[in-house]
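# A closer look at the structure
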Amino acid sequence: MGRSLFASEIIRTGDCILKVPYSVQIAPGNLLPKIKALLSDKKIGTVSKLAMILLVEQKRGQDSEWDHYISCLPQHGYIHSTIFWSEYELDLICQSSVYQETVDQKVTIEKDFAAVMPALEQFPELFESITLKDFMRAYFLVTSRAWESTKGLSLIPFTDFMNHDGVSNSIVLFDEDKKLSEVIADRNYSPGEEVLISYGKFPNATLLLDFGFTLPYNIHDQVKIHMNIPYHDILREMKLELLQQHPSPTTKDAIGFSCSEDTFIIKEVRSPKGKGKGLPQSLRAFARVLCCTSPQELSDLAMEAAQTDGRLARRPLKDSRREFQAHQMLLSHITHLMQQHDAAIKLLAPVNFPSMCDTFAHRRQMAHDLLTGELRVLKSASTWLKNYCAVLQSTIHCQNL
């Protein structure tokens, strides 16, 4: 369970569980002025600045006003974010976008560490013997425990010992008038019960990378997929130009970062015969453009967009055969991803090796939670696409009579 908070007495819905004044929170403004001055000309993010503050306060030990808090934070052996996984462990989730996101985040951390090194070297009394591994731990502690508010990113001591519940309505609230953060209970708690809050509507992919844990069943799971226009497509340049002229609304992941134009986020399609909510319209539009085989078809899509709301290929294609082809192509792509996920999950089947350490067993279970959640999302999309294609086939059959 890691660090947890439990009710010591009865807590009722609506009760204020805790209050933490802004004055005792750890914010970028707490960075020592002499260090801040050395970093002024460097592109150092807020997370890295907070990481440096943690390292400084940890070095100060009992002289730090946050000593009791910092001494309770998890050490390396108890952190399971994928940035700390071995290459072998990472290979377990190579079918998920988390794999590449982990690689990218490690590169970011290494760049930030290289950028702050000159400042660290100026203060050996504070940063002596600080390694990349130490910086990476501090960086993770910030990404997993800091909260964003109107005053920016900050660590809120004690509050971050409450664990996450994906269906909880309790969140950290910020009272600007009283200058404090607080949490209100969303249900009743009996003495001895663990008190939970929501970190946000995050899929297991985000929970694993940024927080170091997963949920066995996460209602917010989603899958990032990539679709590209093949280089051998003779209309490739025309399709790319058309897509650039009619860009889709920017897709953002669970924590608000923008995705590239060829990346789409699929969520669970809960109604197999509904309107396909969960499959982004931008993905279906991309497939419609991708299956065009003549300049005239592309011109017709551009004309339709100009005559409506400007969005490209958001309506079913007038040619039912082409509409069927577009969605069959999507179905084929998703089926391939399902097969890859299924194969990866089978490799995670429990094997009782006496020498297997608890850490690896725990991470293998998290990999299983991640991949099974993503497979569930892919299966829901596949089911809807099969039903949609069946309806199109029926329409085409009637047209041929």
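Residues numbered from 1 in each chain as written. Predicted model: local features only at pLDDT ≥ 70, side-chain atom pairs only at ≥ 80, totals over all residues. Heavy atoms only, no water.

### Thoughts on the nonpolar core
Among the nonpolar cores identified, the biggest contains 118 residues, and Ile35, Met52, Phe127, Phe135, Val142 and Leu279 are the most heavily contacted of them. Broken down by element, the residue count for this core peaks at 15 residues, all from helix H13 (residues 358-400). Non-local contacts of Ile35, meaning those with residues more than four positions away in its chain, are made with Met52, Val56, Phe123, Leu126 and Phe127. (Core = buried A, V, L, I, M, F, W, Y, C linked by side-chain atoms within 4.5 Å. Buried < 20%, exposed > 50% of the residue type's maximum accessible area, 1.4 Å probe, protein only. Helix = DSSP H or I, 4+ residues; strand = E, 2+ residues; numbered from the N terminus. Contact = heavy atoms within 4.5 Å.)

### Re the pattern of salt bridges
Close approach of charged atoms allows side chains with opposite charge to pair. Taken as a whole, this structure holds 14 salt bridges when the rule is applied. Arg145 is paired through a salt bridge with Asp160; the nearest N and O atoms lie 3.1 Å apart. One end of the pair, Arg145, is in helix H7 (residues 132-145); the other, Asp160, is in the loop between strand S3 (152-155) and strand S4 (163-164), with 15 residues separating them in the sequence. Across the pair, exposure class does not vary: Arg145 and Asp160 are buried alike. Residue Glu268 is joined to Arg376 by a salt bridge in which the shortest nitrogen-to-oxygen separation is 3.2 Å. Residue Glu268 is found in the loop between strand S9 (263-267) and helix H10 (281-290), and its partner Arg376 is found in helix H13; the two are separated by 108 residues along the sequence. Arg376 gets classed as buried once you look at its relative accessible area, which sits at 18%. One network of salt bridges, with partners in common, ties together Asp221, Glu268, Arg270 and Arg376. (Salt bridge = Lys/Arg side-chain N within 4 Å of Asp/Glu carboxyl O.)

### A closer look at the packing of aromatic side chains
On inspection of all chains with the given rule, the structure shows 13 aromatic pairs. Between Trp147 and Tyr199, the ring centres sit 6.0 Å apart and the planes meet at 85°, which makes this aromatic pair edge-to-face. Taken together, the residues Trp147 in strand S2 (residues 146-149) and Tyr199 in the loop between strand S7 (196-197) and helix H8 (204-211) connect sequence positions 52 residues apart. The pair Trp147 / Tyr199 is uniform in exposure class, with both members buried. Positioned over the ring face of Tyr388 is Arg284, at 5.1 Å from the centre of the ring. (Phe/Tyr/Trp six-rings, centres within 6.5 Å; stacked < 30°, edge-to-face > 60°. Lys NZ or Arg CZ within 6 Å of the ring centre and 35° of its normal.)

### Concerning the sheet that holds strand S5 (residues 172-175)
Pairing between sheet strands relies on hydrogen bonds along the backbone, with the strands arranged either parallel or antiparallel. Strand order in the open sheet formed by 3 strands is S1-S6-S5, and the pairing between neighbours is antiparallel. Either end of the sheet is taken by a strand with one partner, and the two such strands are strand S1 (16-21) and S5. When strand polarity is set aside, the average angle formed by the axes of neighbouring strands in this sheet is 25°. Across 4 bridges, S5 lies against strand S6 (residues 180-184) in antiparallel orientation. Its bridge partner being in S6, Leu173 is matched across the sheet by Glu182. (Pairing = 2+ DSSP bridges. Axes fitted to C-alpha atoms, helices over the stretch in contact; angles between N-to-C directions.)

Nothing here speaks to function; it is geometry throughout.
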